[in-house]
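These are the residues of each chain, in order.
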Amino acid sequence: MNFKKLFLILFISTIIWSQLPSSRFAEDSMTVNKNGIIDLRILETTDLHAALMNYDYYQTKIDNTIGLVKTASLIHQARSEAVNSLLFDNGDHLKGNPLGEYLVRIRGIQKGKVHPVYRAFNYLKYDAITIGNHEFNYGLKFLNSVLKGVKMPVVNANVYSVKTNKPYFKPYVILKRRVVDKQGIGHDLKIGVIGFMPPQIMRWDKANLEGKVLARPIVESAKEFVPIMKSEGADIIIALAHTGIDSEPYHPETENAVYYLSEIPEIDAILAGHSHSVFPGPTFKDIPMANIVEGKIKRKPVVMAGAFGSRLGIIDLQLEVKDGKWKVVKSISFTRSIADENGNPLVKPDKRLFKLIKREHQETVDFLKKLGI
Ligand SMILES: [Zn+2]
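Residue positions are counted from 1 within each chain, in the order its sequence is given. Reporting of local features is limited, given that this is a predicted model, to residues whose pLDDT is at least 70; pairs of side-chain atoms are given and counted only at 80 or more, and all residues count toward the totals for whole chains, interfaces and linings. The side-chain numbers reported here are obtained from all heavy atoms of the structure, hydrogens and water having been left aside.

Student: I keep staring at the environment of Ile62 and nothing clicks. Help me out?
Tutor: Residue position: Ile62 is located in strand 3 (residues 61-62). Measuring from C-alpha to C-alpha, the distance between Ile62 and Ile194 comes to 36 Å, with 132 residues separating the pair along the chain. A contact between two residues is defined here by any heavy atoms of the two lying within 4.5 Å. Ignoring sequence-local partners within four residues, the contact set of Ile62 consists of Asn54 and Tyr55. Secondary structure follows DSSP: runs of H or I at least 4 residues long count as helices, runs of E at least 2 residues long count as strands, and numbering of each begins at the N terminus.

This is how it looks when you write it as C-alpha coordinates:
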(Lines give C-alpha, C1' and ligand atoms only; values in the text may rest on other atoms or scores of the structure.)
Protein backbone atom coordinates (compact mmCIF):
# COMPACT_ATOMS: atom_id res chain seq x y z
CA MET A 1 0.00 0.00 0.00
CA ASN A 2 1.41 3.37 -0.87
CA PHE A 3 1.62 6.19 1.63
CA LYS A 4 -1.24 8.19 0.11
CA LYS A 5 -3.64 5.26 0.34
CA LEU A 6 -2.62 4.48 3.89
CA PHE A 7 -3.04 8.11 4.86
CA LEU A 8 -6.51 8.20 3.27
CA ILE A 9 -7.62 5.08 5.14
CA LEU A 10 -6.28 6.41 8.43
CA PHE A 11 -7.92 9.78 7.76
CA ILE A 12 -11.32 8.24 6.97
CA SER A 13 -11.20 5.90 9.95
CA THR A 14 -10.32 8.85 12.20
CA ILE A 15 -13.43 10.69 10.96
CA ILE A 16 -15.63 7.64 11.50
CA TRP A 17 -14.30 7.14 15.03
CA SER A 18 -14.52 10.77 16.00
CA GLN A 19 -18.21 10.73 15.04
CA LEU A 20 -19.15 7.73 17.17
CA PRO A 21 -21.25 8.64 20.20
CA SER A 22 -19.16 8.72 23.37
CA SER A 23 -21.64 6.44 25.13
CA ARG A 24 -20.41 3.64 22.86
CA PHE A 25 -16.96 3.92 24.45
CA ALA A 26 -18.43 4.03 27.92
CA GLU A 27 -20.25 0.81 27.12
CA ASP A 28 -17.03 -0.73 25.79
CA SER A 29 -15.18 -0.08 29.02
CA MET A 30 -17.87 -1.98 30.88
CA THR A 31 -17.50 -4.97 28.59
CA VAL A 32 -13.70 -5.03 28.61
CA ASN A 33 -12.17 -8.48 28.76
CA LYS A 34 -15.22 -10.15 27.31
CA ASN A 35 -14.32 -10.50 23.65
CA GLY A 36 -12.39 -9.09 20.75
CA ILE A 37 -9.05 -9.70 19.11
CA ILE A 38 -6.28 -7.20 19.74
CA ASP A 39 -3.21 -6.81 17.58
CA LEU A 40 -0.42 -5.32 19.66
CA ARG A 41 2.95 -4.45 18.17
CA ILE A 42 5.99 -4.24 20.46
CA LEU A 43 9.05 -2.37 19.20
CA GLU A 44 12.57 -2.70 20.55
CA THR A 45 15.85 -0.84 20.31
CA THR A 46 18.75 -2.31 22.24
CA ASP A 47 22.45 -1.76 22.90
CA LEU A 48 22.51 1.62 21.16
CA HIS A 49 25.80 2.48 22.89
CA ALA A 50 25.26 6.19 22.20
CA ALA A 51 25.06 5.59 18.44
CA LEU A 52 22.61 8.38 17.80
CA MET A 53 24.04 9.50 14.48
CA ASN A 54 24.79 7.44 11.37
CA TYR A 55 28.42 8.32 11.82
CA ASP A 56 31.68 6.48 12.50
CA TYR A 57 33.72 8.74 14.82
CA TYR A 58 36.82 6.58 14.49
CA GLN A 59 36.93 6.80 10.71
CA THR A 60 35.32 10.26 10.69
CA LYS A 61 32.75 9.41 8.06
CA ILE A 62 29.07 8.60 7.57
CA ASP A 63 28.17 4.99 8.41
CA ASN A 64 24.73 3.99 7.27
CA THR A 65 24.76 0.70 9.20
CA ILE A 66 24.36 2.42 12.59
CA GLY A 67 22.51 5.29 14.28
CA LEU A 68 19.19 5.92 15.99
CA VAL A 69 18.48 8.70 13.46
CA LYS A 70 18.01 5.83 11.00
CA THR A 71 16.25 3.39 13.35
CA ALA A 72 13.82 6.24 14.11
CA SER A 73 12.56 6.07 10.52
CA LEU A 74 11.91 2.34 10.97
CA ILE A 75 10.07 3.16 14.23
CA HIS A 76 7.80 5.67 12.46
CA GLN A 77 7.10 3.18 9.68
CA ALA A 78 6.39 0.27 12.07
CA ARG A 79 4.07 2.47 14.11
CA SER A 80 2.16 3.64 11.06
CA GLU A 81 1.43 0.03 10.07
CA ALA A 82 -0.02 -0.92 13.46
CA VAL A 83 -3.22 0.07 15.24
CA ASN A 84 -1.65 -0.48 18.65
CA SER A 85 2.07 -0.27 19.36
CA LEU A 86 4.54 0.22 22.19
CA LEU A 87 8.21 1.20 22.02
CA PHE A 88 10.91 0.12 24.48
CA ASP A 89 14.67 0.44 24.84
CA ASN A 90 16.54 -2.46 26.32
CA GLY A 91 19.59 -0.74 27.80
CA ASP A 92 23.28 -0.06 27.20
CA HIS A 93 22.39 3.21 25.53
CA LEU A 94 24.69 5.81 27.16
CA LYS A 95 28.20 4.51 26.58
CA GLY A 96 30.19 2.94 23.79
CA ASN A 97 31.36 5.62 21.35
CA PRO A 98 33.28 8.93 21.36
CA LEU A 99 30.03 10.93 21.61
CA GLY A 100 29.14 9.18 24.88
CA GLU A 101 32.67 9.71 26.22
CA TYR A 102 32.90 13.34 25.13
CA LEU A 103 29.62 14.17 26.88
CA VAL A 104 30.71 12.69 30.18
CA ARG A 105 34.44 13.36 30.33
CA ILE A 106 34.85 16.64 28.45
CA ARG A 107 31.65 18.58 28.08
CA GLY A 108 29.54 17.29 30.96
CA ILE A 109 25.76 17.46 31.10
CA GLN A 110 24.77 20.78 32.62
CA LYS A 111 22.14 20.85 35.32
CA GLY A 112 18.68 20.93 33.85
CA LYS A 113 19.89 19.78 30.41
CA VAL A 114 18.79 16.45 29.01
CA HIS A 115 21.39 13.93 27.79
CA PRO A 116 21.00 13.68 23.99
CA VAL A 117 20.26 9.95 24.23
CA TYR A 118 17.34 10.69 26.52
CA ARG A 119 16.38 13.72 24.43
CA ALA A 120 16.06 11.30 21.53
CA PHE A 121 14.03 8.84 23.63
CA ASN A 122 11.70 11.63 24.77
CA TYR A 123 11.21 12.80 21.20
CA LEU A 124 10.47 9.26 19.98
CA LYS A 125 8.05 8.78 22.91
CA TYR A 126 9.35 5.48 24.23
CA ASP A 127 6.77 3.85 26.51
CA ALA A 128 9.40 2.59 28.97
CA ILE A 129 13.11 1.77 29.05
CA THR A 130 15.45 -0.40 31.05
CA ILE A 131 19.11 0.20 31.76
CA GLY A 132 22.01 -2.05 30.85
CA ASN A 133 25.23 -2.92 32.64
CA HIS A 134 27.14 -0.18 30.77
CA GLU A 135 24.87 2.48 32.25
CA PHE A 136 26.92 2.04 35.46
CA ASN A 137 30.28 2.70 33.80
CA TYR A 138 30.18 6.42 34.55
CA GLY A 139 29.08 5.92 38.15
CA LEU A 140 25.73 6.03 39.95
CA LYS A 141 25.84 9.78 40.51
CA PHE A 142 26.07 10.50 36.79
CA LEU A 143 23.39 7.93 35.96
CA ASN A 144 20.95 9.27 38.54
CA SER A 145 21.50 12.81 37.36
CA VAL A 146 20.90 12.09 33.67
CA LEU A 147 17.91 9.85 34.41
CA LYS A 148 16.15 12.96 35.72
CA GLY A 149 15.71 14.04 32.10
CA VAL A 150 13.84 10.89 31.08
CA LYS A 151 10.13 11.33 30.44
CA MET A 152 9.17 7.63 30.51
CA PRO A 153 9.37 4.94 33.22
CA VAL A 154 12.82 3.37 33.77
CA VAL A 155 12.55 -0.19 35.11
CA ASN A 156 14.98 -2.71 36.55
CA ALA A 157 14.04 -5.44 39.03
CA ASN A 158 17.34 -7.10 39.94
CA VAL A 159 19.54 -4.26 41.20
CA TYR A 160 18.98 -3.56 44.90
CA SER A 161 20.06 -0.73 47.16
CA VAL A 162 22.42 -1.94 49.90
CA LYS A 163 21.05 0.69 52.27
CA THR A 164 17.34 -0.11 51.93
CA ASN A 165 17.51 -3.70 50.64
CA LYS A 166 14.82 -2.64 48.14
CA PRO A 167 15.03 -2.34 44.36
CA TYR A 168 17.29 0.57 43.46
CA PHE A 169 15.10 1.48 40.48
CA LYS A 170 11.40 1.05 39.86
CA PRO A 171 11.29 -2.77 39.38
CA TYR A 172 8.29 -2.70 37.06
CA VAL A 173 5.56 -0.48 35.74
CA ILE A 174 2.02 -1.24 34.69
CA LEU A 175 1.18 0.88 31.66
CA LYS A 176 -2.48 1.57 31.05
CA ARG A 177 -3.14 1.87 27.36
CA ARG A 178 -6.33 2.27 25.38
CA VAL A 179 -6.06 -0.23 22.56
CA VAL A 180 -8.42 -0.90 19.68
CA ASP A 181 -9.45 -4.40 18.64
CA LYS A 182 -10.05 -5.70 15.12
CA GLN A 183 -13.67 -4.48 15.19
CA GLY A 184 -12.54 -1.03 16.19
CA ILE A 185 -13.75 -1.40 19.78
CA GLY A 186 -11.61 0.21 22.46
CA HIS A 187 -10.28 -1.71 25.47
CA ASP A 188 -8.21 -0.58 28.44
CA LEU A 189 -5.21 -2.87 28.57
CA LYS A 190 -2.77 -3.06 31.48
CA ILE A 191 0.69 -3.87 30.21
CA GLY A 192 3.21 -4.87 32.85
CA VAL A 193 6.82 -4.01 31.98
CA ILE A 194 9.75 -5.34 34.01
CA GLY A 195 13.53 -4.99 33.49
CA PHE A 196 16.64 -7.10 34.16
CA MET A 197 20.41 -6.95 33.61
CA PRO A 198 23.33 -9.36 34.14
CA PRO A 199 24.29 -9.76 37.82
CA GLN A 200 27.96 -9.55 36.73
CA ILE A 201 27.77 -5.76 37.14
CA MET A 202 29.15 -6.24 40.65
CA ARG A 203 32.40 -7.49 39.12
CA TRP A 204 32.44 -5.34 36.00
CA ASP A 205 31.74 -2.10 37.86
CA LYS A 206 33.03 -2.96 41.31
CA ALA A 207 34.54 0.46 41.98
CA ASN A 208 31.29 2.25 41.09
CA LEU A 209 28.85 -0.13 42.77
CA GLU A 210 30.39 -1.89 45.77
CA GLY A 211 28.68 -0.97 49.02
CA LYS A 212 25.94 0.90 47.16
CA VAL A 213 23.97 -1.67 45.21
CA LEU A 214 23.65 -5.43 44.95
CA ALA A 215 22.67 -7.47 41.91
CA ARG A 216 20.31 -10.40 42.29
CA PRO A 217 19.88 -13.34 39.91
CA ILE A 218 17.63 -12.57 36.94
CA VAL A 219 15.18 -15.47 37.00
CA GLU A 220 14.70 -15.37 40.78
CA SER A 221 13.96 -11.63 40.58
CA ALA A 222 11.43 -12.25 37.82
CA LYS A 223 9.70 -14.92 39.90
CA GLU A 224 9.48 -12.49 42.79
CA PHE A 225 7.87 -9.59 40.94
CA VAL A 226 5.79 -11.23 38.21
CA PRO A 227 3.09 -12.50 40.65
CA ILE A 228 2.91 -9.02 42.19
CA MET A 229 2.39 -7.48 38.75
CA LYS A 230 -0.38 -10.00 38.07
CA SER A 231 -2.02 -9.25 41.41
CA GLU A 232 -1.96 -5.56 40.45
CA GLY A 233 -3.94 -6.37 37.33
CA ALA A 234 -1.34 -6.69 34.55
CA ASP A 235 -3.15 -8.24 31.57
CA ILE A 236 0.13 -9.09 29.88
CA ILE A 237 3.78 -8.85 30.95
CA ILE A 238 6.70 -7.79 28.79
CA ALA A 239 10.27 -8.33 29.99
CA LEU A 240 12.88 -5.75 29.02
CA ALA A 241 15.68 -8.24 29.47
CA HIS A 242 19.13 -6.76 29.02
CA THR A 243 20.51 -10.25 28.75
CA GLY A 244 21.25 -12.64 25.90
CA ILE A 245 20.16 -16.11 24.81
CA ASP A 246 22.14 -19.15 25.95
CA SER A 247 20.93 -22.68 26.73
CA GLU A 248 23.77 -23.49 29.18
CA PRO A 249 22.31 -24.81 32.47
CA TYR A 250 20.96 -22.02 34.65
CA HIS A 251 22.73 -20.87 37.80
CA PRO A 252 22.21 -17.69 39.82
CA GLU A 253 25.11 -15.96 38.05
CA THR A 254 23.75 -16.66 34.58
CA GLU A 255 24.62 -13.67 32.39
CA ASN A 256 22.43 -14.53 29.41
CA ALA A 257 19.15 -15.64 30.95
CA VAL A 258 16.49 -15.27 28.24
CA TYR A 259 16.32 -19.05 27.75
CA TYR A 260 15.18 -19.46 31.37
CA LEU A 261 13.08 -16.30 31.59
CA SER A 262 11.04 -17.77 28.75
CA GLU A 263 9.91 -20.58 31.08
CA ILE A 264 8.02 -18.19 33.37
CA PRO A 265 4.41 -18.62 32.22
CA GLU A 266 3.18 -15.11 33.10
CA ILE A 267 5.83 -13.42 30.94
CA ASP A 268 4.26 -12.94 27.51
CA ALA A 269 7.11 -11.46 25.47
CA ILE A 270 10.83 -10.95 25.97
CA LEU A 271 12.96 -8.19 24.55
CA ALA A 272 16.52 -9.52 24.65
CA GLY A 273 19.84 -7.73 24.31
CA HIS A 274 23.35 -7.39 25.74
CA SER A 275 25.04 -9.84 23.35
CA HIS A 276 24.53 -7.64 20.25
CA SER A 277 23.08 -10.59 18.35
CA VAL A 278 20.03 -10.80 16.14
CA PHE A 279 17.05 -12.95 17.13
CA PRO A 280 15.37 -14.49 15.27
CA GLY A 281 18.46 -15.27 13.23
CA PRO A 282 20.82 -18.09 12.21
CA THR A 283 23.15 -17.48 15.19
CA PHE A 284 20.59 -19.29 17.32
CA LYS A 285 19.70 -22.17 14.99
CA ASP A 286 21.25 -24.79 17.30
CA ILE A 287 19.62 -23.59 20.51
CA PRO A 288 17.09 -26.24 21.58
CA MET A 289 13.48 -25.10 21.33
CA ALA A 290 14.41 -21.92 19.50
CA ASN A 291 12.09 -21.21 16.59
CA ILE A 292 14.09 -18.91 14.34
CA VAL A 293 11.27 -18.62 11.82
CA GLU A 294 8.57 -17.31 14.15
CA GLY A 295 11.00 -15.78 16.65
CA LYS A 296 10.22 -17.87 19.70
CA ILE A 297 12.12 -19.58 22.47
CA LYS A 298 10.20 -22.35 24.16
CA ARG A 299 7.13 -20.98 22.33
CA LYS A 300 7.60 -17.55 23.91
CA PRO A 301 7.96 -14.50 21.63
CA VAL A 302 11.50 -13.11 21.82
CA VAL A 303 13.34 -10.47 19.79
CA MET A 304 16.88 -9.06 19.86
CA ALA A 305 17.71 -6.16 17.56
CA GLY A 306 21.52 -6.33 17.24
CA ALA A 307 23.31 -3.17 18.37
CA PHE A 308 24.05 0.51 17.60
CA GLY A 309 20.60 1.05 16.09
CA SER A 310 21.37 -1.29 13.20
CA ARG A 311 17.96 -2.92 13.55
CA LEU A 312 14.52 -2.43 15.00
CA GLY A 313 13.06 -5.42 16.86
CA ILE A 314 9.37 -6.13 16.31
CA ILE A 315 7.03 -8.55 18.07
CA ASP A 316 3.49 -8.70 16.77
CA LEU A 317 1.19 -10.17 19.39
CA GLN A 318 -2.41 -11.19 18.95
CA LEU A 319 -4.48 -11.18 22.11
CA GLU A 320 -7.80 -12.85 22.75
CA VAL A 321 -9.87 -13.40 25.84
CA LYS A 322 -9.65 -16.94 27.22
CA ASP A 323 -11.34 -17.77 30.53
CA GLY A 324 -12.08 -14.10 31.09
CA LYS A 325 -8.43 -12.98 30.65
CA TRP A 326 -6.42 -11.52 27.81
CA LYS A 327 -4.05 -14.15 26.45
CA VAL A 328 -1.44 -14.07 23.70
CA VAL A 329 -2.81 -16.51 21.14
CA LYS A 330 -0.42 -15.80 18.27
CA SER A 331 2.88 -14.06 17.79
CA ILE A 332 5.61 -13.40 15.29
CA SER A 333 8.95 -11.76 16.01
CA PHE A 334 11.35 -10.28 13.50
CA THR A 335 13.84 -7.49 13.01
CA ARG A 336 14.16 -4.84 10.33
CA SER A 337 17.52 -3.52 9.30
CA ILE A 338 18.48 0.07 8.47
CA ALA A 339 20.91 -1.14 5.79
CA ASP A 340 21.32 -4.07 3.42
CA GLU A 341 24.13 -6.61 3.76
CA ASN A 342 26.46 -4.39 1.71
CA GLY A 343 25.90 -1.44 4.02
CA ASN A 344 23.65 0.43 1.62
CA PRO A 345 20.99 2.47 3.42
CA LEU A 346 17.42 1.16 3.41
CA VAL A 347 15.97 4.20 5.19
CA LYS A 348 16.57 7.91 5.41
CA PRO A 349 17.48 9.63 8.68
CA ASP A 350 14.74 11.21 10.76
CA LYS A 351 15.45 14.89 10.08
CA ARG A 352 13.83 16.17 13.26
CA LEU A 353 15.85 13.81 15.40
CA PHE A 354 18.99 14.75 13.46
CA LYS A 355 18.38 18.41 14.36
CA LEU A 356 17.83 17.56 18.02
CA ILE A 357 21.20 15.86 18.44
CA LYS A 358 23.41 17.48 15.82
CA ARG A 359 24.98 19.98 18.23
CA GLU A 360 26.58 17.38 20.49
CA HIS A 361 27.48 15.30 17.45
CA GLN A 362 29.28 18.22 15.81
CA GLU A 363 31.05 19.11 19.05
CA THR A 364 32.33 15.52 19.29
CA VAL A 365 33.56 15.63 15.68
CA ASP A 366 35.30 18.97 16.31
CA PHE A 367 36.85 17.72 19.53
CA LEU A 368 38.25 14.63 17.82
CA LYS A 369 39.62 16.83 15.03
CA LYS A 370 41.41 18.99 17.59
CA LEU A 371 42.98 15.87 19.03
CA GLY A 372 44.13 14.99 15.52
CA ILE A 373 41.98 11.86 15.33
ZN1 LIG B 1 25.12 -5.14 28.09
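Continuing now.
Student: Could you clarify how one ought to interpret the packing of aromatic side chains in this entry?
Tutor: Two measures describe an aromatic ring pair: the distance that separates the ring centres and the angle between the ring planes. Stacked, edge-to-face and tilted are the three classes for Phe, Tyr and Trp ring pairs, Trp counted by its six-membered ring, which pair at centre distances within 6.5 Å; planes under 30 degrees apart are stacked, over 60 edge-to-face, the rest tilted. The final tally for this structure, using the stated rule, is 11 aromatic pairs. Through a chain of ring-to-ring contacts, three or more aromatic side chains come together here, namely Tyr118, Phe121 and Tyr126. We note Arg216 situated over the ring of Tyr160; from NZ or CZ to the ring centre the distance is 3.6 Å. Charges are assigned to positions over rings by a cutoff of 6 Å between ring centre and Lys NZ or Arg CZ, combined with an angular limit of 35 degrees from the ring normal. Lying across the ring of Tyr259, Lys298 places its NZ or CZ 3.6 Å from the centre.

Student: It is not clear to me how the pattern of salt bridges should be interpreted in this structure. Could you clarify?
Tutor: Any two side chains of opposite charge can pair, given that their charged atoms come close. One side-chain nitrogen of Lys or Arg within 4 Å of one carboxyl oxygen of Asp or Glu is enough to make a salt bridge. Tallying each qualifying case throughout the model produces 17 salt bridges. Between Arg105 and Glu101 there is a salt bridge, and its shortest N-O distance comes to 2.6 Å. Of this pair, Arg105 and Glu101 both sit in helix 4 (residues 98-107), four residues apart, which is roughly one turn of the helix. A relative accessible area of 23% places Glu101 in the partly exposed class. Linking Glu294 and Lys296 is a salt bridge whose minimum nitrogen-to-oxygen distance equals 2.7 Å. According to the relative accessible area criterion, Glu294 is partly exposed, its value standing at 32%. Overall, Lys296 belongs to the buried group, its relative accessible area being 16%. Linked by salt bridges that have partners in common, Arg41, Glu81, Asp316 and Arg336 make up one network. Buried means the residue's accessible area, taken with a 1.4 Å probe over protein chains only, is under 20% of the maximum for its type, while exposed means over 50%, and partly exposed covers the values in between.

Student: I keep staring at the coordination of the zinc ion and nothing clicks. Help me out?
Tutor: In a perfect tetrahedron of four donors around a metal, the angles come out at 109.5 degrees. In a perfect octahedron of six, they are 90 or 180 degrees. Listed donor atoms are N, O and S within 2.8 Å of the metal (Na, K and Ca: 3.2 Å). As water is not included, a site may look incomplete. Looking at the zinc ion, the protein donor atoms are Asp92 (OD), Asn133 (OD1), His242 (NE2) and His274 (ND1), and they sit 2.1 to 2.2 Å from it. For a four-donor site, all angles between 85 and 135 degrees give tetrahedral; for four or six donors, opposite pairs above 155 degrees with the remaining angles between 65 and 115 give square planar or octahedral; all remaining cases count as irregular. Each of the four donor atoms bound to the zinc ion contributes to angles spanning 87 to 163°, and the resulting shape is irregular. Linear spacing of the donor residues for the zinc ion on their chain is D-x40-N-x108-H-x31-H. On the criterion of sequence distance, the pair formed by Asp92 in the loop between strand 4 (85-89) and helix 4 and Asn133 in the loop between strand 5 (128-130) and helix 6 (140-147) is long-range, its members being 41 residues apart.

Student: Explain the pairing of strand 1 (residues 37-45) here, please?
Tutor: Looking along a regular strand, one sees the side chains alternate between the two faces of the sheet. Taken across its nine residues, strand 1 has seven buried, putting it largely inside the fold. Any two strands with at least two DSSP-identified bridges between them are counted as paired. Where strand 1 lies against strand 17 (residues 311-322), eight bridges are found, and the strand directions are antiparallel. Looking at strand 17, one finds that Asp39 is bridged to Gln318. Sheet topology places strand 1 next to strand 4; five bridges connect them, and they run parallel. Following the sheet pairing, Leu43 is matched in strand 4 by Leu87.

Everything listed is a geometric property; what it means functionally is a separate question.
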